[in-house]
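# A structural walkthrough
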Amino acid sequence: MDIIEEVRNNLATNQNLTDEVKDKMLELTTLFHQKFPDVSLDRLKEKIKDVKLGKMGVFERKGPVIYDSLKNEICFSSKKLGEDYDIDHLMMKGILGMISSYEDYYGFNKNGSLRALNIGYTEMLANFLVGNEGVCDYEEELLATNLISQIIGEDILFQAYFNNDSDIIYKKMLEAEVG
Amino acid sequence: MATKTETAFDYMDYLVTAKETNPHQQTDAFAIVLESLSDIRVSQIQRGLCSEEDIEKFGDFLPTTTEMFTNKEMHPDRVAHAHQKYQESVKIALLTSSMEDKDLSNGKSL
């Protein structure tokens, strides 16, 4: 069975999401798969069966959206939902979280290490996939990530992100620094 | 002493924290990140690992860069500030490097 069909079937069983949200998630997942057909969707396929949408605590300031792998929840800021954010961009970052997270890893962020680089790269990917017609809270992270992609190669970041490999990032950066 | 890599990543992560708790420290943290990354890039330049075209592209922060990933909504003031910081860092690093080379060729010790 085609992977997108599997995702569609698993989404259909999710009791936590409205049909509208399911349609949007399937649309964004399909778009991702068209752009990056070699990236596995096996993790997302499983997580999408019972992923929830939730709100961050009132005093949490972790950006407009985060994906919590432990709770399998895409959390939106309770303060910022009323501001000028692009919901497709936010939802795509949630999708990327489901695709790239595994145990302690979110992309190449393991236990908070390389957190900013991971934020910047997720922002980049979401921009590439769906653009961003709204507010961007991570311009500095985006700029720095772009510079790093030019130092060590964008392909390295791509492989590290989807294979949860932070070691290669450090290795390549240190090679660039000292030879 | 921390490597430039460690400094860059540590201050990038601090930048995220600063946004959440101490917004007035964002600019300083970002400047340190840029300086560290600039130094690394300059090191590559000095080792001949970059073409002239690569050097030109590295300074191009604008959303119209030829790179695959762009952000069309990047604030122009921040982009200009980052660009300026980068150019200053590269200029200083290359100037320092050429002064060292000159001293060596004159037989002076550093």
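Numbering of residues starts from 1 in every chain and runs along the sequence as written. Both sets of labels track the order of writing: A upward for chains, 1 upward for ligands. With the structure being a predicted model, the display of local features is reserved for residues of pLDDT at least 70 and the display and counting of side-chain atom pairs for 80 or more, all residues being used for whole-chain, interface and lining totals.

## What to know about the overall build of chain B
Numbered from the N terminus, helices here are DSSP runs of H or I no shorter than four residues, and strands are runs of E no shorter than two. Within chain B, the secondary structure is distributed over four helices and zero strands. When the helices and strands of chain B are read in sequence order from the N terminus, they spell out α-α-α-α.

## A short note on the pairing of strand 2 (residues 65–68) of chain A
One requirement defines pairing of two strands: DSSP has to find at least two bridges between them. By the bridge criterion, four bridges tie strand 2 of chain A to strand 3 (residues 73–76) of chain A in an arrangement that is antiparallel. The residue of strand 3 of chain A that forms the bridge with tyrosine 67 of chain A is isoleucine 74 of chain A.

## A look at the confidence of the model for chain B
Residues and elements named next belong to chain B. The quantity called pLDDT is the predictor's confidence in a given residue, expressed from 0 to 100. Counting all residues, the mean pLDDT for chain B is 64, and 41% of those residues have values of 70 or more. Within chain B, the element-level pLDDT minimum falls on helix 3 (residues 52–58), averaging 58, and the maximum on helix 1 (residues 4–21), averaging 86. Low pLDDT, under 50, characterises residues 59–74; the stretch is placed with 33 contacts to residues that sit more than four places away or in other chains. Throughout residues 103–110 the model reports pLDDT below 50, and contacts reaching past four residues in sequence, or to other chains, amount to three contacts. Scored as a complex, the prediction yields pTM 0.81 and ipTM 0.83. In this description, any two residues whose backbone-derived C-beta atoms lie within 7 Å of each other are considered to be in contact.

## Focus: the pairing of strand 3 of chain A
All names here are of chain A. The exposure label follows from counting other C-beta atoms within 10 Å of a residue's C-beta, where the C-beta atoms are placed from the backbone and the thresholds are 20 or more for buried and 12 or fewer for exposed, leaving partly exposed in between. Going residue by residue along strand 3, you find Glu73 and Cys75 tucked away on one face and Ile74 and Phe76 tucked away on the opposite face as well. Sheet analysis places strand 1 (residues 52–55) next to strand 3, joined by four bridges and oriented parallel. Considered in strand 3, the bridge of lysine 55 is made with phenylalanine 76. What sits between strand 2 and strand 3 in their antiparallel hairpin is a turn of four residues, with asparagine 72 showing a positive phi close to 50°.

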